[in-house]
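What follows is each chain in one-letter form.
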Amino acid sequence: MDSLADRLDSIRLRVQAPGSEIYADLRNRKEVSISFGESVYEWMTERTLEHLLASMGRLLYVEWIRKYRAELDESFLNAAGPETQNDRDFIAARAAMESSGRSQDGRVTLSVVGMQNLEVHIVRGTIRELNESEFAARLHEAVQDLADSYQAGIRDLKLRYFT
């Protein structure tokens with residue numbers, strides 16, 4: 001039987017931005033790629049793309065949580081024992097934790113509170129100056145940085161509440 005980590009790594013998700021031909025794929029927990037339908041990228045504005053990427057981020061998060069919970073069976077959930085005050089404090093701190101990520105060139109910035117309410121900022125002129133694959137690479141960098149920031153925050157919270 002595969003370990004929980006292996007099962008979580010095997011989760012694959014694909015979402016589509018509402019009302020558009022923009023797709024995001026998630027694999028290996030934090031590997032996100034984006035693709036555009038034909039001629040979609042060239043006709044975008046940064047503001048519209050920010051909104052659509054934030055929507056896709058929320059969709060990915062909801063789907064991830066749904067699949068994550070499906071991988072946790074009842075015995076695992078019940079094995080943890082009763083919820084303690086530390087558990088409740090950890091959950092509250094995690095919900096309030098701010099994380100951010102940015103591309104190496106600073107063109108794409110992502111920020112979240114509690115891994116929800118994703119905000120995306122794209123520097124004006126980016127769509128005109130970068131082609132679709134260059135933009136996708138910058139977004140990938142920002143997502144990786146955000147995931148690393150979030151995981152570092154979770155490690156700190158675990159140390160604070162459970163050691």
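This text follows the structure it describes.
Predicted model only: the values in this text are computed from it and were never measured. (Residues numbered from 1 in each chain as written. Predicted model: local features only at pLDDT ≥ 70, side-chain atom pairs only at ≥ 80, totals over all residues. Heavy atoms only, no water.)

Chemist: Explain the packing of aromatic side chains to me, using residue names and the numbers behind them.
Modeler: For the structure on display, the rule yields 5 aromatic pairs. Centre to centre, the rings of Trp 64 and Tyr 68 are 6.1 Å apart; their planes meet at 35°, and the pair counts as tilted. Here Trp 64 pairs with Tyr 68, and both are found in helix H2 (residues 46–71), just 4 residues apart, close to one helical turn. In this structure Tyr 68 comes out as partly exposed when scored by relative accessible area, which is 30%. (Phe/Tyr/Trp six-rings, centres within 6.5 Å; stacked < 30°, edge-to-face > 60°. Helix = DSSP H or I, 4+ residues; strand = E, 2+ residues; numbered from the N terminus. Buried < 20%, exposed > 50% of the residue type's maximum accessible area, 1.4 Å probe, protein only.)

Chemist: Would you mind going over the pairing of strand E1 (residues 13–16) in detail, with residue names and values included?
Modeler: Because side chains alternate across E1, one face comprises the buried residues Leu 13 and Val 15, and the other comprises Arg 14 and Gln 16, none of which is buried. Here E1 pairs with strand E2 (residues 22–27) via 4 bridges, running antiparallel. Considered in E2, the bridge of Val 15 is made with Ala 24. Between the end of E1 and the start of E2, which pair antiparallel, lie 5 residues, with Gly 19 showing a positive phi angle near 70°. (Pairing = 2+ DSSP bridges.)

Chemist: Describe the pattern of salt bridges, and please don't skip the residues or the numbers.
Modeler: Evaluation of the coordinates by the stated rule reveals 12 salt bridges. The partner of Glu 50 in a salt bridge is Arg 47, with the nearest N and O atoms 2.4 Å apart. One end of the pair, Glu 50, and the other, Arg 47, are both in helix H2, 3 residues apart, so they sit about a helical turn from each other. Assessed through its relative accessible area of 7%, Glu 50 is described here as buried. According to the relative accessible area criterion, Arg 47 is partly exposed, its value standing at 44%. Its salt-bridge partner being Arg 107, residue Asp 105 comes within 3.4 Å of it at the nearest N-O pair. Owing to a relative accessible area of 35%, Asp 105 belongs among the partly exposed residues under this scheme. A relative accessible area of 19% places Arg 107 in the buried class. Beyond isolated ion pairs, a larger network of salt bridges with shared partners links Asp 105, Arg 107, Arg 128, Glu 129 and Arg 138. (Salt bridge = Lys/Arg side-chain N within 4 Å of Asp/Glu carboxyl O.)

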